[in-house]
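# Summary of the model geometry
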Amino acid sequence: MHALPKAPLTLDPARARQLWLAAQRLDSFAPFGAGPEAVRAAIAHLGYVQIDTINVIERCHHHILFARLPDYRRADLVAAQSADKSVFEYWTHALSYVPAADLPFFLPAMQAYRLKPSAWYGSVTPAEVSKMVRRLRAEGPLSIRDIDDDVLVDKDHPWASRKPSKRVLEMMFYQGRVTVAARQGMLKTYDLIERHFDWTTKPKPATTRQIIAYKLDRALRSQGLVSLDSICHLDAPSKPLVRELIESRVRARKLVPLRLAGQDKPSHWAAPETLDAPAGAPPDLVHILSPFDPLIIQRKRLKLFFGYDHLFEAYLPAAKRQLGYFALPVLMGDKIIAALDLKTDRSAGKLLIQQATWLHDVGAEGRLAVDQALGRFERFQLGD
């Protein structure tokens with residue numbers, strides 16, 4: 001039994017950063033090893049890896065994994081999704097890769113989409129869904145490019161498609177009728193979910209209580225110390241039940257309330273064993289991070305812990321940008337020391353620095369370490 005304090009602990013910023021970086025596995029080199037098993041282990045630990053369309057540099061799902069897997073190969077993620085099927089795609093706070101073992105926690109959301117389809121897909125009829133099911137059964141997995149007999153329609157939204165089949169497949173995806181069996185860039189190949197996973201019996205959906213515990217445990221594992229906002233990122237409806245579970249675990253002495261320096265009352269919690277980890281010197285690694293990295297995506301948390309307010313400006317007019325179109329935070333040890341707006345010129349085989357914004361003077365040795373990190377990052381951009 002851990003000896004717990006009677007009053008809430010106060011953590012200084014350096015200790016808070018250390019615990020978060022350790023939980024994110026950004027404080028050590030190759031924390032998951034290498035090869036296909038490392039990809040599976042990294043996604044299992046993080047809980048999800050966000051997918052995004054922007055590709056001025058390599059897309060963020062590959063980038064997030066590379067930050068923790070120095071020898072990362074894109075083929076290993078392909079194998080995890082399409083061969084051993086240890087990960088699948090679904091919506092967390094955004095479209096993400098999720099461990100297949102966690103699928104039961106997403107089945108209730110899929111069922112809810114069947115009962116009440118999103119207004120975005122409201123024009124899709126049951127007959128269209130039945131027709132697509134029959135087609136998939138007969139022809140096997142299909143991408144939207146494989147479907148060439150659609151009667152094209154006018155777009156009603158910039159992100160829409162002229163092919164009605166795309167809307168049918170996307171609705172079926174959220175309903176859990178199909179899953180993404182393979183991905184090539186942003187081109188998705190869909191298959192019937194039961195055939196993809198070769199189910200004889202469909203997994204049992206998790207209960208509400210189990211889902212709330214899953215969200216809390218996922219955050220504790222990947223964040224170290226958690227807040228209601230960090231657990232329920234873009235998921236405000238879950239907050240009341242998550243708070244109830246936190247309070248229950250505090251009473252059971254399984255969680256410790258924490259104040260961050262300068263706060264009047266506890267706003268975070270951690271497991272006692274997390275707080276028992278020794279406090280050492282900050283790591284000396286340099287990471288060039290995606291703006292969609294789990295360390296960066298929650299902007300308020302990032303500013304609270306690191307004192308850095310990241311700006312994502314891809315959708316702003318050029319004249320209004322401060323950091324650039326697609327600025328990438330540079331983590332050195334436990335500080336964000338720069339934001340680099342990078343672009344990969346694949347035809348020329350070069351990584352281009354469009355704009356560099358330095359936040360700290362890191363000296364000649366620090367600049368050399370950043371240059372070396374940029375060299376590794378360029379090789380990753382242009383590799384297989």
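The rules behind these values
- Along each chain, the written sequence defines residue order, and numbers are assigned to residues from 1.
- Local features in this predicted model are restricted to residues of pLDDT 70 or higher, and side-chain atom pairs are both shown and tallied only at a pLDDT of 80 or more, whereas totals for entire chains, interfaces and linings draw on every residue.
- Hydrogen atoms and water are omitted, and side-chain values are computed over all heavy atoms in the structure.
- Here a helix means four or more residues in a row that DSSP labels H or I, a strand means two or more in a row labelled E, and each is numbered from the N terminus.
- To get the radius of gyration, use the C-alpha atoms; to get the globule rule, take the number of residues to the power 0.38 and multiply by 2.2 Å.
- Buried residues are those whose accessible area, probed at 1.4 Å on protein chains only, stays under 20% of the maximum for their type, while exposed residues exceed 50% and partly exposed ones sit between those limits.
- Throughout, a residue-residue contact means that at least one pair of heavy atoms, one from each residue, lies within 4.5 Å.
- Method for areas: the Shrake-Rupley scheme with a 1.4 Å probe, in which residue coverage is limited to the protein chains shown.
- Neither His nor the chain ends is counted toward charge; the positive residues are Lys and Arg and the negative residues Asp and Glu.
- Charged side chains are reduced to one point each, which is NZ for Lys, CZ for Arg, CG for Asp and CD for Glu.
- Residues are called lining when one of their atoms sits within 4 Å of a cavity or pocket point, these points coming from a 1 Å grid over the protein atoms alone, where a cavity is a set in which a 1.4 Å probe fits but cannot get out and a pocket is an open set with protein on both sides within 12 Å along at least five of seven lines.
- Grid points are joined across faces, edges and corners, and a volume is the space filled by probe spheres set on the points.
- Ten residue types, Ala, Val, Leu, Ile, Met, Phe, Trp, Tyr, Cys and Pro, are classed as nonpolar, four, Asp, Glu, Lys and Arg, as charged, and the remainder, Gly among them, as polar.
- Pairing between strands is defined by DSSP: at least two bridges between them are needed.
- Axis angles are defined between N-to-C directions and span 0 to 180 degrees, where every axis is a line fitted to C-alpha atoms and, for a helix, only to the segment in contact.
- Pairs were defined over the aromatic rings of Phe, Tyr and Trp, the Trp ring being its six-membered one, requiring ring centres within 6.5 Å. Orientation was assigned from the angle between planes: stacked under 30 degrees, edge-to-face over 60, tilted for the rest.
- Charge over a ring is defined by NZ of Lys or CZ of Arg lying within 6 Å of the ring centre and within 35 degrees of the ring normal.
- Put simply, a nonpolar core is a bunch of buried Ala, Val, Leu, Ile, Met, Phe, Trp, Tyr and Cys residues held in one set by side-chain atoms that sit within 4.5 Å of each other.

## Notes on the overall build of the protein chain
In terms of regular secondary structure, the protein chain is built from 14 helices and 14 strands. On C-alpha atoms alone, the protein chain measures out to a radius of gyration of 22 Å, which is about the 21 Å that the 2.2 N^0.38 rule sets for 384 residues. Relative to its full complement of 384 residues, the protein chain shows a buried share of 48%. Sequence separation of 24 or more characterises 61% of the internal contacts of the protein chain that already satisfy a separation of 6 or more. With an accessible surface of roughly 19100 Å², the protein chain has 54% of that area assigned to carbon and sulfur atoms. Of note, the protein chain has its 53 positive side-chain charges centred 5 Å away from the centre of its 42 negative side-chain charges.

## Quick notes on the layout of surface pockets
Space inside the second largest pocket adds up to approximately 750 Å³. Lining the second largest pocket are 36 residues, with W91, T92, K215, R218 and D235 positioned closest to its centre. Mapped onto the lining of the second largest pocket, the elements with two or more residues apiece are β3 (87-91), α5 (107-115), α9 (208-223) and α10 (228-231). In terms of residue count, the dominant contributor to the lining of the second largest pocket is α9 (nine residues). The residue inventory of the lining of the second largest pocket, partitioned by class, reads 22 nonpolar, 10 polar and four charged.

## Details of the sheet that holds strand β4 (residues 95-99)
The strand order across the open sheet formed by three strands is β2-β4-β3, and the pairing between neighbours is antiparallel. Edge positions in the open sheet fall to β2 (49-50) and β3, since each of these has one partner strand only. Here β2 runs beside β4; their pairing, made up of two bridges, is antiparallel. Counted as the bridge partner of Q50 is S96 from β4. Here helix α2 (residues 36-46) sits on the sheet in contact with β2, β3 and β4, set at roughly 105° to β4.

## Quick notes on the packing of aromatic side chains
Going through the model one piece at a time under the given rule, you end up with 20 aromatic pairs. Aromatic rings pair up to connect F88, Y90, W91, F105, F106, Y113, F173, Y174 and Y214 into one cluster. Positioned over the ring face of W20 is R301, at 4.1 Å from the centre of the ring. Looking at R367, its charged tip hangs above the ring of W358, at a distance of 3.7 Å from the centre.

## Thoughts on the sheet that holds strand β7 (residues 187-192)
Pairing is antiparallel in the open sheet, where three strands are placed in the order β5-β7-β6. Each having just a single partner strand, β5 (142-143) and β6 (178-184) make up the two edges of the open sheet. Of the strand pairs in this sheet, β5 and β7 are connected by two bridges, and their pairing is antiparallel. Residue pairing across strands places L142 opposite Y190, the latter belonging to β7.

## A closer look at empty space enclosed by the protein
Evaluation of the coordinates by the stated rule reveals three cavities of 30 Å³ or more. By volume, the largest cavity is sized at about 50 Å³. Taken together, L107, M110, Q111, R114, Q175, G176 and K202 form the lining of the largest cavity. Taken together, the residues of the lining of the largest cavity break down into two nonpolar, three polar and two charged.

## Some points on the pairing of strand β13 (residues 335-345)
Of all 11 residues making up β13, eight are buried, and the element is well covered by its neighbours. The pairing of strand β12 (residues 327-332) with β13 spans six bridges and is antiparallel. Residue A327 lies in a different strand from β13, and its bridge partner there is D341. Following β12, the chain reverses through two residues before pairing antiparallel with β13; G333 in that reversal takes a positive phi of roughly 65°. With eight bridges joining them, β13 and strand β14 (residues 350-358) adopt antiparallel strand pairing. If you follow T344 over to β14, its bridge partner there is L351. Turn length for the β13-β14 hairpin, with the two strands adjacent in sequence and antiparallel, is four residues, and the turn residue G349 shows positive phi of about 70°.

## As for helix α7 (residues 164-174)
Counted residue by residue, α7 has nine buried out of 11 residues, so it is predominantly covered. Within α7 the residues assigned to the buried category are S165, R167, V168, L169, E170, M171, M172, F173 and Y174. In this structure, the buried residues of α7 make contact with β3, β4, α5, α6 (126-139), β6 and β7. Following α7 by one or two positions, G176 has its phi on the positive side, about 75°.

## Describing the packing of α2 against α9
Following both chains from N to C, one finds α2 and α9 inclined at 115°, their axes separated by 8 Å at the closest point. Residue-level inspection shows A44, H45 and L46 of α2 in contact with α9, the latter providing R218, R221 and S222. Class assignment of the residues belonging to the contact of α2 with α9 gives a composition of two nonpolar, two polar and two charged.

## Some details on the nonpolar core
L65, F88, L342 and F377 are the most contacted members of the largest nonpolar core, which totals 70 residues. The element contributing the most residues to this core is α7, with six residues. In this structure, F377 is in contact with I57, H63, F66, I288, L328, L342 and L351, ignoring residues within four places of it in sequence. Among the nonpolar cores identified, the runner-up in size contains 25 residues, and A67, A270, I296 and L302 belong to it.

## Topic: the pairing of β3
With four of five residues buried, β3 is to be regarded as a mostly interior element. Examined bridge by bridge, β3 and β4 share five bridges and lie antiparallel to one another. Across the sheet, F88 pairs through a bridge with V98, a residue of β4. What sits between β3 and β4 in their antiparallel hairpin is a turn of three residues.

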